[in-house]
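# Chain and residue survey
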Amino acid sequence: MTISKIRFLEAEGLIEPQRAPSGYRKFGHHDVERLRFVLTAQRDHYLPLRVIKDHLDALDQGLEPPALPVGPPQVPRMVSPGESHPQSEAFRHDERELRLSRAELLESAEIDAALLDQLESYGLVLSRAGREPYDGDALVIARIAGELASYGVEPRHLRAFKTAADREVGLFEQVVAPLLRQRGVSSQGRAEEVVRELAALSVRLHATLVKVGLRSRS
């Protein structure tokens, strides 16, 4: 947990820790359980904050909230370097701190040099300033591209994903721009959290549209 994340959730009314006379937040067992519920609903079920708040409001009123989805999330999940399982929550943390040489990237992503060359030629994977090292985002993209390649989907087919992502970046920048212009220590944290929410919703929407499109053609 980061302080900015706590401030954001508190500002959204999802947690309400008591305050000491000095201003410090005081977290009791109830606050910790409430916080754990919020984070789990976000991480494992990709629920928007407004839906999570409805669940919490129902609990506060002594009502039975809607059941959380059972089983794994029905949306793609990204690779988190260092984990043995090939999937982890999307947008969990900033992967740019990871440093990989070209050889390490090829080994970790389980792809060959030719595929990586293609990914770089189409602008899907970027090394820092055109040189090593590669970061964790490059690893995520390379691993996913490798898995898609096993189905016959080549890097040239993925240019549409890059174009769509660039458009979403422009759209999301417009949404968070007012937050970034606000003064206050929590404005940056709020903007980052909104971007995570928007990105997760975008993934869910894309996955659902693909599913509906395939179903309509079957």
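Residues numbered from 1 in each chain as written. Predicted model: local features only at pLDDT ≥ 70, side-chain atom pairs only at ≥ 80, totals over all residues. Heavy atoms only, no water.

Per an unreviewed UniProt entry, the protein chain goes by the name MerR family transcriptional regulator and belongs to Tenggerimyces flavus.

Now for helix 5 (residues 113–121). Every buried residue of helix 5 is accounted for by Leu115, Leu116 and Leu119. All buried residues of helix 5 lie within an arc of 100 degrees about the axis, which places them on one face of the element. Just beyond helix 5, the residue with positive phi is Gly123, at close to 75 degrees. (Buried < 20%, exposed > 50% of the residue type's maximum accessible area, 1.4 Å probe, protein only. Helix = DSSP H or I, 4+ residues; strand = E, 2+ residues; numbered from the N terminus. Arc of directions from axis to C-beta.)

Next up on the list: the side chain of Asp135. In this structure, Asp135 sits in the loop between helix 5 and helix 6 (136–149). Overall, the relative accessible area of 13% leaves Asp135 in the buried class. Looking at Asp135, its side chain comes within polar contact range of the main-chain nitrogen of Asp137, at 3.2 Å. Reaching out from Asp135, the side chain makes a polar contact with the backbone nitrogen of Ala138 at a distance of 3.0 Å. (Polar contact = N/O pair within 3.5 Å; in protein donor to acceptor, adjacent residues only side chain to side chain.)

Once that is clear, we can look at the environment of Gly13. Tracing the chain through its elements places Gly13 in the loop between helix 1 (3–11) and strand 1 (18–19). Of the residues examined, Gly13 reaches a relative accessible area of 23% and is grouped as partly exposed. C-alpha separation for the pair Gly13 and Lys53, spaced 40 residues apart in sequence, amounts to 7.9 Å. The residues contacting Gly13, other than those within four sequence positions of it, are Arg34 and Lys53. (Contact = heavy atoms within 4.5 Å.)

Here we come to the pattern of salt bridges. Where charged atoms from two side chains of opposite charge come close, those side chains can pair. Going through the model one piece at a time under the given rule, you end up with 10 salt bridges. Ionic pairing is found between Asp117 and Arg102, a salt bridge with its closest N-O pair at 2.5 Å. Here Arg102 lies in helix 4 (residues 102–109) and Asp117 lies in helix 5, a separation of 15 residues in the sequence. With a shortest N-O distance of 3.2 Å, Arg196 and Glu193 are connected by a salt bridge. Here Arg196 and its partner Glu193 are both found in helix 8 (residues 187–217), three residues apart, which amounts to about one turn of the helix. Residue classification places Glu193 among the buried residues on the basis of a relative accessible area of 2%. One salt-bridge network, held together by shared partners, links Glu10, Arg19 and Arg25. (Salt bridge = Lys/Arg side-chain N within 4 Å of Asp/Glu carboxyl O.)

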